[in-house]
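Chains, contacts and geometry: an overview
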Amino acid sequence: MKNVTISTLARMKRDGEKIAMLTCYDAGFVPALEQAGVDVLLVGDSLGMVVQGHSSTLPVTLDHMVYHTACVARARGRAFLIADMPFMSYAEPGQALATAARLMKEGGAHMVKLEGGESQLHTVKSLSGQGVPVCAHLGLQPQSVHRLGGYRVQGADGDSAEAMRKDALALQAAGAQMLVLECVPAELAREISGRLCIPVIGIGAGRDCDGQVLVLYDVLGLTPRMPRFAKDFLKGRGSIAEAAAAYVNDVRRGAFPEAEQVLR
Ligand code: KIV
């Protein structure tokens, strides 16, 4: 099987082929996820919650992200590898360049992900101008949980929906090559996915995005309080490989998320 690149993902969007993405934080899970056909591995800063046991992603450091990204990169065969830039590691463009350099040079990431809209346009421009592929992240931005007042659906009213549409288009124009939409009403996510030429990957954003992402520990039923938009794919199956394959299969045929996982 050929390596997945950003061109593969762009082609999948054009052809209407759904992209299956999962988080991954260590080498051990990589073979099962790749054999299941996962296209994109995301070393998410959600590792702060599911691996490190924190109540938010804020304590995650750049050293942690480089370490976990390198663990995944060592085992990676064909999947595209994205690493999150952790909280306060991209507060201005110069710092963002230094962060991305470490994640790509030491960690082996193919792309970096950052949270935010208008306030990040300058940084996205600067990163992509220096050849750093950027995935943007709108909707619920976990690094801003204390500003948002909790983990809630975003873009549910007219003004915030309009701001998200504008941010999405502006991030694409600034050079972002991919976008994650988290906890966004399905209708808004469908509209944004239709308007952008870059792949839009949803988590709690309905089934009409160009692909889906979930936290691996949710997919394996390890999370004590399962988010409403997630699903335990290991339930009723005998192995992690089977669970991952069921996730990929459901994403590919548009069967995940089901109605019960769609937020309104
Ligand atoms: O950190 C993470 O795992 C993420 C996904 C939830 C998209 O950003």
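This one's a predicted model, so the numbers in the text were calculated from it and none came from an experiment. (Residues numbered from 1 in each chain as written. Predicted model: local features only at pLDDT ≥ 70, side-chain atom pairs only at ≥ 80, totals over all residues. Heavy atoms only, no water.)

**Structural notes on the packing of helix 4 (residues 62-75) against helix 5 (residues 93-105)**
Put simply, helix 4 and helix 5 touch, their axes get as near as 9 Å, and they point 25 degrees apart. What the angle tells us is that helix 4 and helix 5 run roughly parallel. The crossing of helix 4 and helix 5 is right-handed. Residues Leu62, Asp63, Met65, Val66 and Thr69 of helix 4 pack against Thr99, Arg102 and Leu103 of helix 5. The residue makeup of the contact of helix 4 with helix 5, split by class, is four nonpolar, two polar and two charged. (Axes fitted to C-alpha atoms, helices over the stretch in contact; angles between N-to-C directions. Helix = DSSP H or I, 4+ residues; strand = E, 2+ residues; numbered from the N terminus. Parallel < 35°, antiparallel > 145°, perpendicular 65-115°, else oblique. Left-handed = near helix turned anticlockwise from the far one by under 90°. Contact = heavy atoms within 4.5 Å. Nonpolar A, V, L, I, M, F, W, Y, C, P; charged D, E, K, R; others polar.)

**Considering the side chain of Glu34**
Along the polypeptide, Glu34 turns up in helix 2 (residues 30-36). One buried charge, Glu34, has no salt-bridge partner; the nearest side chain with opposite charge is Arg76, at 5.2 Å. In terms of polar contacts, Glu34 uses its side chain to reach the backbone amide nitrogen of Gly77, at 2.9 Å. (Buried < 20%, exposed > 50% of the residue type's maximum accessible area, 1.4 Å probe, protein only. Lys, Arg positive; Asp, Glu negative; His and termini not counted. Salt bridge = Lys/Arg side-chain N within 4 Å of Asp/Glu carboxyl O. Polar contact = N/O pair within 3.5 Å; in protein donor to acceptor, adjacent residues only side chain to side chain.)

**Section: the environment of Ile6**
Along the chain, Ile6 falls in helix 1 (residues 6-15). Once residues lying within four places of it in the same chain are set aside, the contact partners of Ile6 are Phe80, Met111, Gln177 and Met178.

**Examining the sheet that holds strand 1 (residues 19-23)**
The strand order around the closed barrel formed by eight strands is 1-2-3-4-5-6-7-8, and the pairing between neighbours is parallel. Taken pair by pair, the neighbouring strands of this sheet meet at an average axis angle of 25 degrees, ignoring direction. Across three bridges, strand 1 lies against strand 2 (residues 40-43) in parallel orientation. Its bridge partner lying in strand 2, Leu22 is registered against Leu41. The sheet contacts of helix 11 (residues 240-252) involve strand 1 and strand 8 (211-214), and relative to strand 1 the element is tilted by about 140 degrees. (Pairing = 2+ DSSP bridges.)

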